[in-house]
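# Residue-level structural notes
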Amino acid sequence: MKKLFLALTVLFATVTAFSISPTKVNAETTVKIASDSAYAPFEFQNDQKKWVGIDVDIMHEVAKINGWKLEMSFPGFDAALQNLKGGQVDGVIAGMTITDERKQTFDFSNPYYTSALTIATTKASKLDDYSQLKGKALGAKNGTAAQTWLQNNQKKYGYTIKTYSDGVHMFAALASGNIDGAMDEVPVISYAITQGQDLAMNFPSISLPGGYGFAVMKGQNSNLVDGFNKALAEMKSNGDYDKILQKYTASASKKAIPKKAVYTIASDNSFAPFEFQNSQKQFTGIDVDLLNAIAKEQGFKLKWNFVGFQAAVDAVQAGHADGMMSGMSITDARKQVFDYGNPYFSSNLTLATEKTDDSIKSWSDLKGKTLGAKNGTASFDYLNKNAKKYGYTVKTFTDATTMYSSLNNGSIDALMDDEPVIKYAIKQGQTFKTPLKAIPDGQYGFAVKKGTNPELIQMFNNGLAALRANGEYDKIIGKYLANDAPALTQDAKENTIGGILKNNWQQIGHGLLITLELALVSFVLALIVGIIFGLFSVAPSPVLRGISRVYVDLNRSIPLLVLTIFIFYGIPNLLQMITGHQSPLNEFTAGVIALTLNESSYIAEIVRGGVKAVPLGQMEASRSLGVPYVTSMRKVILPQAIKITIPSLINQFVITLKDTTLVSVIGLVELLQTGQIIVARNFQAFRVYGLIGLVYMIVLLLLMWVGRRVEKKMK
């Protein structure tokens, strides 16, 4: 009996033991975590010989929230990974960047910190640019993102690489002159500087995609990752995460002195998630939030101008804007005309097709296809560069709204854009997919016109470093790109005309008001100028007739779109070349000037035709009675000519009203531009543009009806 009881007991214990999942983590389970040994401010020993740092505090708080018994070891970065692979620890937290290569071996938590790389030198060093590194020796820790970056760019810059097991030995080698520079993460070098080390950060920083993640072996301990993510979210919501960051990174940031009361910043208007209008009709996005936070941190004021990507580029070049923040990739070609701040985001290019389109599975499938890209972007350059190789044609767009709509309606077979932008669009309900592997694109930078506003670049760099250090940068990025980031909310669903009107009637009304103001002001001025030159054209003086002919022919020979762009961008640029000072022009003023010049030339011809239509004998009869020429015109000819020209003038006003849409190219938010901004948010191109067309139709039909009534009364 005893043997039977003993056997049952053993069997029960065995069954119980096997019933416990190997990945189960509970209060009784000891969680073993390895970390780096010298990676301040993430993990290091303080003067009481205790291990502290951002990673250490975060891990302790995570364990506390989950009820885990935590055992942390600090063997060094490389050894920590080996311990994880060997099963001696359950996870690693060591300022470890999430990369595609590491994802093949490890499962990562959500990113808990976003960093950037830079090169540290001694204070006495004069190195401050990557182009000066030829023949120099640079140090990096083994297995780090810094080492990978140095290896990938070694041929380009011509340096040699020395590898170290930890930061202590690497910075010691730098201090002793064994290496000329040491690449590491910005917060690590910043912390070392605050601790009195002979280090300087004079090189531009390089943003790291992915961020830091807590890692476990692939396919194992998924409960640890889930628990980490859950605790991290709780820490961010209750403020504990911010407290930990401030504990190790709080320090007075560098400040530069603004030289202007307000800096004008140009940007795109439909490049979600970097800049777009939210449901409250306010522009928001990564670029907007980031630069606003930098301005607040550095103490300067901003005035945003969301005019579209190409218009923003032109605005900076023409002096209409002091800087540009618009998801702009840093390229060698652009460096010829722009000065950039430190990169603030790393991105890839990717190709999007309709979700139901299975015809594109590789680049060779693009032969004969039509691909879309925005003018002046890295996507546009890449597609044009490889068009012959793959046999596709490239269709150019001025903004993302029309490009995405073209893919929806089948005008193009695929489009190329920045990966986060396309993923965000898919998240907002676009029926796209990305069938091909993304292409590394480089990094986004804040730009100013070359040689101008150096203090603005300095303030941007200082502010960006401060935001990275205090965690604000991570918050902004996570707000738009995190997996659990909320989709846009709307007061009413914008998949119906009624919903669009309900949410946007004030915005559409304001756009219509701008359109009417632009048309009325331009037409009144054009009427005055046109009548003067029209009378010149029928004057007895050959000089006046010649002046009129030149004015009319010149203005009629230039397309209105070209004239508008020339006035807004070309004239200020010319004035700057002459005076050496920027002379920006208001969009509305530039639009009025362009429309006035163009429309007045046609009105002058209308007036000339009206006067010529009055029988010549009436002028001769008046003059034979001794009435002067001017009086004859005023009393005899013009009253009849006015009646003749009324229908043509009303028709010209209709044309002027429709021509206002061309002014949207310089960024004036009139009715059409308003529609583009709304489509950028809700992707309802058919309904929104249909509604905008309906508004134009109602206004113009009403105008034509009034014109006919006036014409009838005049007769």
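Everything quoted here is computed from the prediction, not taken from an experiment.

Rules and cut-offs
The residue count restarts for each chain, going from 1 along the sequence in the order it is written. Residues qualify for local features only when their pLDDT is at least 70, as the model is predicted, and side-chain atom pairs are given and counted only at 80 or more; totals for whole chains, interfaces and linings, by contrast, use all residues. Based on all heavy atoms of the structure, the side-chain values leave hydrogens and waters out of the count. Either an automatic procedure or a domain database provided the assignment from which the domain bounds are taken. Under the DSSP-based scheme used, a helix requires at least four consecutive residues in state H or I and a strand at least two consecutive residues in state E, with every element numbered from the N terminus. When a residue's accessible area, from a 1.4 Å probe over protein chains only, is under 20% of the maximum for its type it is buried; when over 50% it is exposed; and in between it is partly exposed. Think of a nonpolar core as a cluster: buried Ala, Val, Leu, Ile, Met, Phe, Trp, Tyr and Cys residues, connected wherever their side-chain atoms sit within 4.5 Å. UniProt positions are given in the numbering used here, feature names are shortened, and annotations may be inferred rather than shown by experiment. Any Phe, Tyr or Trp ring, taking Trp's six-membered ring, that has another such ring centre within 6.5 Å forms a pair; planes under 30 degrees apart are called stacked, those over 60 apart edge-to-face, and the others tilted. Criterion for a charge above a ring: Arg CZ or Lys NZ at most 6 Å from the ring centre, at most 35 degrees from the ring normal. As a rule, the C-alpha atoms of each element are fitted with a line to give its axis, helices using only the stretch in contact, and angles between N-to-C directions run from 0 to 180 degrees. Small angles under 35 degrees read as roughly parallel and large ones over 145 as roughly antiparallel, with 65 to 115 read as roughly perpendicular and the rest as oblique. Throughout, a crossing is termed right-handed when the near helix is turned clockwise from the far one, and left-handed when it is turned anticlockwise from it by less than a right angle. We call two residues in contact whenever any of their non-hydrogen atoms come within 4.5 Å of each other.

This part covers the domain arrangement of the chain. You can read the domains of the chain as domain 1 (27-113 + 210-252), domain 2 (116-209), domain 3 (254-488) and domain 4 (497-713). Spacing between the C-alpha centres of domain 1 and domain 4 amounts to 66 Å.

This brings us to unusual backbone geometry. The residue Asn221 is not glycine, and still its phi comes out positive at about 55°. For Asn221, the location among the structural elements is in the loop between strand S12 (215-217) and helix H9 (222-238). With a relative accessible area of 13%, Asn221 lands in the buried category. Positive phi is not limited to glycine here, since Asn453 has a value of about 45°.

In terms of nonpolar packing, the biggest core is built from 46 residues, with Met325, Tyr404 and Phe446 touching the most fellow members. Going through the elements one at a time, strand S13 (262-267), helix H11 (286-298), strand S16 (301-306), strand S19 (345-354), helix H15 (400-408), helix H16 (419-427), helix H17 (454-470) and helix H18 (472-481) are the ones with two or more residues in this core. Of all the elements, H11 adds the most residues to this core, at seven residues. Formed by 35 residues, the second largest nonpolar core is a distinct cluster that contains Ile54, Val188, Tyr212 and Ala231.

Attention now goes to the UniProt feature "transmembrane region" (unreviewed entry) in the chain. As annotated by UniProt and renumbered to match this structure, "transmembrane region" (unreviewed entry) occupies residues 512-536, 557-575 and 688-706. In residues 512-536, helix accounts for 100% and strand for 0%; the two terminal C-alpha atoms are 35 Å from one another. For the annotated span residues 557-575, helix accounts for 89% and strand for 0% of the residues, and the straight-line distance between the end C-alpha atoms is 24 Å.

Turning our eyes to something else, we now look at the packing of aromatic side chains. For the structure on display, the rule yields 35 aromatic pairs. Between the aromatic rings of Tyr157 and Tyr159, the centroid separation amounts to 6.4 Å while the plane-to-plane angle is 15°, which identifies the pairing as stacked. We note that Tyr157, like Tyr159, is buried. An aromatic cluster is defined as three or more aromatic residues linked by ring pairs; in this entry it consists of Tyr39, Phe42, Tyr112, Tyr113, Tyr212, Phe214 and Phe228. Taking the ring centre of Tyr241 as reference, the NZ or CZ of Lys236 above it sits at 5.1 Å.

A separate point is the packing of helix H21 (residues 560-579) against helix H22 (residues 587-613). Between H21 and H22, the shortest axis-to-axis distance is 9 Å and the interhelical angle comes to 140°. Comparing their axes, H22 and H21 come out oblique. Two packed elements cross with a definite hand, and for H21 against H22 that hand is right-handed. Where H21 approaches H22, its residues Leu560, Leu563, Thr564, Ile567 and Phe568 are matched on the opposing element by Glu587, Ala590, Ile593, Ala594, Leu595, Leu597 and Asn598.

Below, the discussion takes up the environment of Gln151. Here Gln151 lies in helix H5 (residues 145-152). Separated by 10 residues in the primary sequence, Gln151 and Ile161 have C-alpha atoms spaced 7.7 Å apart.

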